[in-house]
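These are the residues of each chain, in order.
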Amino acid sequence: MSKISRRDLLQYIGAGGVGTGAGYLFAEAIKRPVEFLIPPVVPPEDYSPGVATWYNTVCNQCSAGCGISVRTREGRAKKIEGNPAHPVNQGRLCARGQAGLNALYNPDRIRAPLKRVGERGDGAFETISWDEALTQVAGRLGRLKIEDRADRVQLLTGGIRGHLGELFEQFITLLGSDRYAQYDFTYPANLRLANRLSFGIEHLPYYDIANCDFLLSFGADYLGTWLSPVHFSLGYGQLRQGREQRGRCIQIEPRMSLSGANADEWIAAVPGSEGVLALGIARILVADGTYTGSDRDAWQRALEPYSGDRVAAATGVALERVQQLAAEFGSSKASLAIGGGAAAAGTNAVASLVAVNALNHLAGNLGQPGGIIFNSAPVFGSATRHAGLTQMTELAASMQDGAIEVLLLHDTNPIYAMPDAAGFADAMAAVPTIVAMSSFMDETTAMADLILPTDTYLEAWGDDAPEPGVGLPVASISQPVVARVYDTRSVGDIVLSLARRIGFELPVALPWANTKEFIKDAWKKLYTELDPQADAADFEEFWLAALQAGVWGRVEATGGPGDAPAPSTIPDIDAAAATFAGDTAEFPFILHPYLSATLFDGRGANLPWLQELPDQMTSVVYGSWIELNPATAGELGIRDGDLIEVESPAGSIRAPAYLFPAIEPGVVAMPFGQGHTAYGRYAQNRGVNPVQLVALQSDQQSGELAWAGTRVKLRNTGERARVVRNDGISRTLGRQILHPEENHA
Amino acid sequence: MSISVSEALRPARKPALIGVVAVVGIFVGVWINDTYFSDRTPVQPIEFSHRVHASDNEIPCQYCHIYASRSPSAGVPSVAKCMGCHTAVADARERPEVLKLAGYWDRQEPIPWVKVHDVPDFVHFTHKRHVLAGVQCQECHGPVQDMDRITRIAPMTMPWCVDCHTEREVENGRDCWTCHK
């Protein structure tokens, strides 16, 4: 054994020390991070930690009015599912409904009342207290009322239904103004007008897709965005697989939508010619004796101009095909024609929809199972203050003239959802005071002088009667599923506290302490008038039962006023040709914008789950794109991903090209929804807004913006842009899967 | 000429020995950390004694951990729960640790207890099932009633769970989906 030198010993000690230190640090590093168990100061009464509580309420992401069940844990909303007891969606829910959590917990929510400090539109605000904010608004409104100038107050909201709409109505009336308008880009105003013209009933009927044998859809994307997509998707499933005889679906639209992709046949008729096609089919139904009504001769005369040749020429659909459609439509036991989408957003939209209604009448589909079943009017609160392009232009003019002193905004974004040419943004600059009641800093809210942050629908009380209804009286209460996340208030509470502060007769007429009391009182009326035979012992029990179930309905009362009202439109039946803004030679393509199944009309763009959800037809996420037929692209020398400048008579935008085989050559399509200049981090500065291409044209009868009535031209900028998409490539790489000659580059 | 392996390796002997010492050092380091600096017995914001409560005063576990039989988590008592007794227990009112508790209550602040027993987030452990199956608290948590400062006895690892499931012949006790879902 050799002696260990002092030097060696020090080396060993050093090695041992370093090793020990390393071992200590290693053990420290693999420890779990320290976590804390933080109990509440006072135990919660309405939940046990770790146990989920489900609350039923109403979805507010579109106007279908689906019932939802929200799973909460420790007072936090975790997941939204469809309410199985609700007849509209029967336990199902679409992606937009699921993404409601993103609205509730959105990092870009307005968290406290804000007052503008810089120039309007600069985005500079300071936080103020609720008391100060409400005092300011109430003071301004009260002064106008004293001076008898309250008619200079304009209330502009989104498509609010239910008793909340009635509260707004009462508030503005009591204030002494009649200026209340609802601007909702997706409101089916053309369809309602067409139904009034055809049937004398304006509220929407029940389209019984589930029981129909032959569904003919003129542009209505009933699986994606039309009226009540979850309910119609259920109906479609029933039509396809739920019964012995499988129904057939035909989709007529220039660009294949989700419904087109799921149809048996997709027919690309000339855009705007849907009404002509419907009347062409109608003429055959009358001529071949399918229609046997006493006024058959009158119909025959009225439909005379829609001869086969003319229809084939106008629609681009072969004569034999029109005849086949007519034969099948007439001979099916239960046939149904529906119209929507771009076909209901042209300059001839109402005429086209009346033609579709006539088709249903002639085939005997009214009041029949599998046809159009008339609903009784919604139990309460139908949206009646809808403003179309005409009214909004008038409003803009009034604002320009200085006739509006205070503009109260809630849940509507006309600056984004109206073409710039309508001048709404400029007109807002002329309004002395703009107050926005809003959850998010969207383009319109950003222009406000005072912002009162509102609860999202998952934090507020409300109610809704779905429209279209489901054939029986149905209504739902909307209840908060979690406590407020930020220092916000429900819009009903804001209106009620404004009423208290303004004084005069307002607090007497609107005596409720909060929205819950107001809604409860309204339901008391419903209980005594509509459902006196309810199983409940008293109102309190009835109310709790309705809250718990998430839906109230009366099963025995089916059918509506008169099962099949006689269409009174024979003399004026005329599918006027659609007119398109823009010279055909200069603007060779028709722009076909469509509602996005995820971002909808743009209101979903601030929800990250919807941004990252691929579009069903193209698989694109996050951005904007422009769809054009590969043949069209070939002629113009455009490759997939080239940055294209799209120019219309109204404006121009740039977006990458997406070569899409399922679109008619001569048509270019773009989804709505992107191109926000505000609206939070997920929406802002992403993609482009096709509304800015839309020329200011309206339907001849309804005055609604004809957003499908614009021509455009394309210019290849020569730049490339990245389209984020999941589908890889659309070619089959010589494997001849689709059809043998398919080999386009 | 003789060839000696040990002779050949002689120059490498010292570095090897240093390496061995270092490796032993690593184990010593880990042991020191585990023994004297372990996270099994963390210092809590209040020096709360389970021995005093569960043993000396014979308070049943579920008097405070009220959710154990109906929720995945047993639940830590709220500050109000603690104060419920401590306003009444007069002779303990002036003790420094109880004063700390009163301080939290006065400030209406929750007490940030350090978590001692934990399973990873991918394990769906639920107290409810175990309590309803008659498993005693002590079988996993050790003799809590004898501890002044709460300490982790069991490793709370998967083999440890599965051993017990096997021993007790738990129905589907070895199925992945029983715990990982």
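Owing to the predicted nature of the structure, the values given are computational and were not obtained by experimental measurement.

### Describing the overall build of chain B
What chain B contains, in helices and strands, is 9 helices and 1 strand. Helices (α) and strands (β) of chain B occur, in sequence order from the N terminus, as α-α-α-α-α-β-α-α-α-α. For 181 residues, the compact-globule estimate of 2.2 N^0.38 gives 16 Å, and chain B exceeds it by more than 25% at 24 Å. Expressed along its principal axes, the backbone C-alpha trace of chain B runs to roughly 95 × 45 × 30 Å. Looking at chain B as a whole, 24% of its 181 residues qualify as buried. Considering only residue pairs separated by 6 or more positions, chain B has 62% of its internal contacts joining residues 24 or more positions apart. In the structure as shown, chain B presents an accessible area of about 12,100 Å², 62% of it carried by carbon and sulfur atoms. Across chain B, 19 positive and 21 negative side-chain charges occur, with their mean positions spaced 4 Å apart.

### A few points about the layout of surface pockets
Over the atoms a probe the size of a water molecule is rolled, and this reveals where empty space is left. Here the second largest pocket defines a volume of roughly 550 Å³. Lining the second largest pocket are 22 residues, with Ile30, Lys31 and Arg32 of chain A together with Asp39 and Arg152 of chain B sitting closest to its centre. Residue contributions to the lining of the second largest pocket peak at 4 residues, all from helix α1 (residues 5-36) of chain B. For the lining of the second largest pocket, the residue count by class is 11 nonpolar, 3 polar and 8 charged.

### Considering helix α6 (residues 189-199) of chain A
Residues and elements named next belong to chain A. Across the 11 residues that make up α6, a large majority, 9, are buried. Residues Ala189, Asn190, Leu191, Arg192, Leu193, Ala194, Asn195, Ser198 and Phe199 constitute the buried set of α6. Next to the buried residues of α6 lie β9 (206-207), β13 (335-339) and α13 (349-362). A positive phi of about 75 degrees marks glycine 200, the residue just after α6.

### Quick notes on the sheet that holds strand β4 (residues 76-82) of chain A
All names here are of chain A. Read from one edge to the other, the open sheet built from 3 strands follows the order β2-β3-β4, with strand pairing classed as antiparallel. Unpaired on one side and paired on the other, β2 (53-58) and β4 mark the two borders of the sheet. Strand after strand, the sheet turns through a mean of 30 degrees between neighbouring axes, direction not considered. Here strand β3 (residues 67-73) pairs with β4 via 6 bridges, running antiparallel. The residue of β4 that forms the bridge with serine 69 is glutamate 81.

### Structural notes on helix α17 (residues 491-502) of chain A
Residue and element names in this part refer to chain A. Relative to the 16 Å expected for 12 residues at 1.5 Å per residue, α17 spans 16 Å between its end C-alpha atoms, a close match to the ideal helical length. Here α17 lies mainly inside the structure; 10 of its 12 residues are buried. Glycine 503 sits one or two residues past α17 and shows a positive phi near 85 degrees.

### Points about a nonpolar patch on the surface
Residues and elements named next belong to chain A. On the surface, a nonpolar cluster with roughly 390 Å² of combined accessible area is contributed by Ile4, Leu9, Leu10 and Ile13. In this structure, leucine 9 sits in helix α1 (residues 6-29). For leucine 9, a relative accessible area of 44% corresponds to the partly exposed category.

### Here we look at empty space enclosed by the protein
All names here are of chain A. Tallying each qualifying case throughout the model produces 10 cavities of 30 Å³ or more. Its boundaries defined by the atoms lining it, the largest cavity holds a volume of some 1,200 Å³. Looking at the lining of the largest cavity, the elements with two or more residues in it are α15 (414-417), β18 (462-464) and α17. Here the residues of the lining of the largest cavity are counted per class, giving 19 nonpolar, 21 polar and 10 charged.

### Details of the confidence of the model for chain B
For chain B, per-residue confidence averages 91 on the pLDDT scale, and residues scoring 70 or more make up 99% of the total. Across the predicted assembly, pTM comes out at 0.88 and ipTM at 0.86.

### Here we look at the interface of chain A and chain B
Reports often express the size of an interface as the amount of accessible area lost when the parts come together. Taken together, the contact between chain A and chain B spans 32 residues of the former and 37 residues of the latter. Summing the contributions of chain A and of chain B, the shared interface buries around 2,900 Å²; its carbon and sulfur component is 64%. Taken as a group, Tyr12, Leu37 and Val41 of chain A account for 23% of the area that chain A buries against chain B, more than any other trio of residues on that side. On the surface where chain A and chain B come into contact, there are 2 salt bridges. Residues lysine 115 of chain B and glutamate 35 of chain A are paired through a salt bridge, measuring 3.8 Å at the closest nitrogen-oxygen approach. Inspection of the chain A/chain B interface yields 17 residue pairs in polar contact (both at pLDDT 80 or more).

### Examining the sheet that holds strand β22 (residues 626-628) of chain A
Residues and elements named next belong to chain A. Pairing within the closed barrel is mixed, and its 6 strands lie in the order β21-β25-β22-β24-β23-β26. Looking at each pair of strands side by side, their axes are set apart by 45 degrees on average, direction ignored. As paired strands, β22 and strand β24 (residues 652-659) are joined by 3 bridges and run parallel to one another. Each residue of the ladder has a partner; that of glutamate 627, found in β24, is tyrosine 658.

### Points about the nonpolar core
In terms of nonpolar packing, the biggest core is built from 65 residues, with Leu216, Phe218, Tyr222 and Leu359 of chain A touching the most fellow members. If you look at the next biggest cluster of nonpolar residues, it comprises 60 residues, including Val70, Leu93, Val230 and Ala422 of chain A.

### Quick notes on unusual backbone geometry
All names here are of chain A. Cis geometry marks the peptide bond from glutamate 467 to proline 468; its omega dihedral reads 0 degrees. With respect to the element layout, proline 468 can be found in the loop between β18 and β19 (474-478). Despite not being glycine, serine 619 shows a phi value in the positive range, around 65 degrees. For serine 619, the location among the structural elements is in the loop between α21 (608-611) and β22.

### Quick word on the pattern of salt bridges
Residues and elements named next belong to chain A. Counted according to the given criterion, the structure contains 49 salt bridges over all chains. One salt bridge in this structure joins lysine 713 and glutamate 586, with 3.5 Å as the shortest N-O distance. Taken together, the residues lysine 713 in strand β26 (residues 710-720) and glutamate 586 in the loop between β20 (552-553) and β21 (589-594) connect sequence positions 127 residues apart. Here lysine 713 falls in the partly exposed class, since its relative accessible area comes to 25%. For glutamate 586, a relative accessible area of 42% puts it in the partly exposed group. When salt bridges with common partners are traced through the structure, they connect Arg140, Glu147, Arg149, Arg152 and Glu405 into a single cluster.

### Considering the environment of alanine 483 of chain A
Residues and elements named next belong to chain A. As for its position among the elements, alanine 483 is in the loop between β19 and α17. A residue is classified by how much of its surface remains accessible, and alanine 483, at 62% relative accessible area, is exposed. Between the C-alpha atom of alanine 483 and that of alanine 133, which follows or precedes it by 350 residues, the distance is 22 Å.

### Considering the state of the cysteines
By the definition in use, this model includes 0 disulfides over all chains. The structure places no disulfide on cysteine 59 of chain A, whose sulfur is separated from the nearest cysteine sulfur, that of cysteine 66 of chain A, by 6.2 Å. Taking relative accessible area as the criterion, cysteine 59 of chain A reaches 10% and is therefore assigned buried. Here cysteine 164 of chain B stays unpaired: no disulfide links it, and the sulfur of cysteine 140 of chain B, its closest cysteine neighbor, is 6.4 Å away. Judged by relative accessible area, cysteine 164 of chain B falls into the partly exposed class, the value being 33%.

So, how was this worked out
- Residues numbered from 1 in each chain as written.
- Chains lettered and ligands numbered in written order.
- Predicted model: local features only at pLDDT ≥ 70, side-chain atom pairs only at ≥ 80, totals over all residues.
- Heavy atoms only, no water.
- Helix = DSSP H or I, 4+ residues; strand = E, 2+ residues; numbered from the N terminus.
- Rg over C-alpha atoms; globule rule 2.2 N^0.38 Å.
- Buried < 20%, exposed > 50% of the residue type's maximum accessible area, 1.4 Å probe, protein only.
- Contact = heavy atoms within 4.5 Å.
- Areas by Shrake-Rupley, 256 points an atom, 1.4 Å probe, with all protein chains shown as cover.
- Lys, Arg positive; Asp, Glu negative; His and termini not counted.
- Charge placed at Lys NZ, Arg CZ, Asp CG, Glu CD.
- 1 Å grid on protein atoms, 1.4 Å probe; cavity = no way out; pocket = protein on both sides within 12 Å on 5 of 7 lines; lining within 4 Å.
- Points joined across faces, edges and corners; volume = space filled by probe spheres on them.
- Nonpolar A, V, L, I, M, F, W, Y, C, P; charged D, E, K, R; others polar.
- Pairing = 2+ DSSP bridges.
- Axes fitted to C-alpha atoms, helices over the stretch in contact; angles between N-to-C directions.
- Expected span 1.5 Å × (residues − 1).
- Patch = residues over 30% accessible without salt bridge, like charges linked within 9 Å, V, L, I, M, F, W, Y side chains within 5 Å.
- Salt bridge = Lys/Arg side-chain N within 4 Å of Asp/Glu carboxyl O.
- pLDDT = per-residue confidence, 0-100.
- Buried area = accessible area lost by both parts, 1.4 Å probe.
- Polar contact = N/O pair within 3.5 Å; in protein donor to acceptor, adjacent residues only side chain to side chain.
- Core = buried A, V, L, I, M, F, W, Y, C linked by side-chain atoms within 4.5 Å.
- Disulfide = S-S within 2.5 Å.

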